[in-house]
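# Notes for the structure review
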Amino acid sequence: MNVQITSILAEQKELFLNLYNLYLYDLSEFSGEDLLEEGKYDPTNTYLYLERDELHPFLIQYEGKVIGFVLVCSPPYVPEGVDYTVQELFLVKKYRGQGLAAQAIDLVFAQFEGTFKVEQLANNAAAVSFWKKYYEQHQIEYTESEYNIEIDNIAGSHRILSQTFVREREK
């Protein structure tokens, strides 16, 4: 396995925000988000991942190259009764469809145990498909719910699919 995850450090802020802008670009197809005047997307509060111990940002690396990130939150940044959320998962398009994201998620889950919640924009078929396939391949039983949310600075309501499950560390 050539996939690794490493914690994103404060001195990697520019790298992280650049990757996050690419993520928001990809997501804009589903969220409807527009560019800011300077040609970037709004990274509101993203910097908090580099400042708060309850937020766990990881770079995803493959063969020594940074190819994406995964962001995990813990209380108080998760709903009541949930220990962790996989808040965001992003891979540069060149590396998608090769099983690398699933390998990265395996590495994340090896570090945490408890009740997880994962959400996707319902109209993001690729994300929904990824997570359903991951649960099936790893025999993860989950409870799914669906609801609408408002996203700051983006017009309209967005349908969310959410899966909740319990994950124990592998022994």
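### Observations concerning the environment of Lys 65
Inspection of the secondary structure puts Lys 65 in strand β3 (residues 65-73). Taking the relative accessible area as the measure of exposure, Lys 65 reaches 49% and is therefore partly exposed. Taking C-alpha positions, Lys 65 is 9.7 Å from Gln 4, a pair spaced 61 residues apart along the chain. Those residues in contact with Lys 65 that sit more than four places away from it in its chain are Ile 60 and Tyr 95.

### Structural notes on the packing of aromatic side chains
Counting across every chain of the model gives 22 aromatic pairs. When the centroid spacing of 6.1 Å and the interplanar angle of 65° are considered together, the rings of Tyr 62 and Tyr 95 count as edge-to-face. Linking Tyr 62 in strand β2 (residues 55-62) with Tyr 95 in the loop between β4 (84-91) and α2 (100-109), this pair joins segments that are 33 residues apart in sequence. Tyr 95 carries the same exposure label as Tyr 62, and that label is buried.

### Things to note about α2
Among the 10 residues of α2, 7 are classified as buried, and the element is accordingly described as predominantly covered. Taken as a whole, α2 has its buried residues at Leu 100, Ala 101, Ala 102, Ala 104, Ile 105, Val 108 and Phe 109.

### Some words on unusual backbone geometry
Omega for the bond connecting Pro 75 with Pro 76 falls within 30 degrees of zero, at 10°, which places this linkage in the cis form. Here Pro 76 is to be found in the loop between β3 and β4. A positive phi angle is found at Gln 139, which is not glycine, with a value near 50°. Tracing the backbone through its elements, the reader meets Gln 139 in the loop between α3 (125-137) and β6 (143-151). For Gln 139, a relative accessible area of 66% gives the class exposed.

### Here we look at the side chain of Gln 163
Take Gln 163: it is sitting in strand β7 (residues 154-167). With relative accessibility at 0%, the residue Gln 163 sits in the buried group. A distance of 2.9 Å separates the side chain of Gln 163 from the side chain of Tyr 135, its partner in a polar contact. A polar contact of 2.8 Å, which involves the side chain of Gln 163, links it to the side chain of Glu 144. Those residues in contact with Gln 163 that sit more than four places away from it in its chain are Phe 116, Lys 117, Val 118, Gln 120, Trp 131, Lys 132, Tyr 135, Tyr 142, Thr 143 and Glu 144.

### Things to note about the nonpolar core
Counting 27 residues, the largest nonpolar core has Ile 60, Val 86 and Tyr 134 as its most contacted members. Residue assignment for this core shows that the elements contributing at least two residues are β1 (3-7), β2, β3, β4, α2, β5 (114-121) and α3. At 7 residues, the largest contribution of residues to this core is made by α2. Grouped together as the second largest cluster of nonpolar side chains are 22 residues, Tyr 49, Phe 69, Val 82 and Phe 90 included.

### Re the packing of α2 against α3
Think of two packed helices as two axes; the pair is described by the angle between the axes and how far apart they sit. Relative orientation of the contacting elements α2 and α3 amounts to 60°, with a least axis distance of 11 Å. For the element pair α2 / α3, the angle class is oblique. Where α2 crosses over α3, the handedness of that crossing is right-handed. Across the interface between the two elements, Ala 101, Ala 102, Ile 105, Asp 106 and Phe 109 of α2 pack against Phe 130, Trp 131 and Tyr 134 of α3. Its residues assigned to classes, the contact of α2 with α3 comprises 7 nonpolar, no polar and 1 charged.

Rules used throughout
Residues numbered from 1 in each chain as written. Predicted model: local features only at pLDDT ≥ 70, side-chain atom pairs only at ≥ 80, totals over all residues. Heavy atoms only, no water. Helix = DSSP H or I, 4+ residues; strand = E, 2+ residues; numbered from the N terminus. Buried < 20%, exposed > 50% of the residue type's maximum accessible area, 1.4 Å probe, protein only. Contact = heavy atoms within 4.5 Å. Phe/Tyr/Trp six-rings, centres within 6.5 Å; stacked < 30°, edge-to-face > 60°. Polar contact = N/O pair within 3.5 Å; in protein donor to acceptor, adjacent residues only side chain to side chain. Core = buried A, V, L, I, M, F, W, Y, C linked by side-chain atoms within 4.5 Å. Axes fitted to C-alpha atoms, helices over the stretch in contact; angles between N-to-C directions. Parallel < 35°, antiparallel > 145°, perpendicular 65-115°, else oblique. Left-handed = near helix turned anticlockwise from the far one by under 90°. Nonpolar A, V, L, I, M, F, W, Y, C, P; charged D, E, K, R; others polar.

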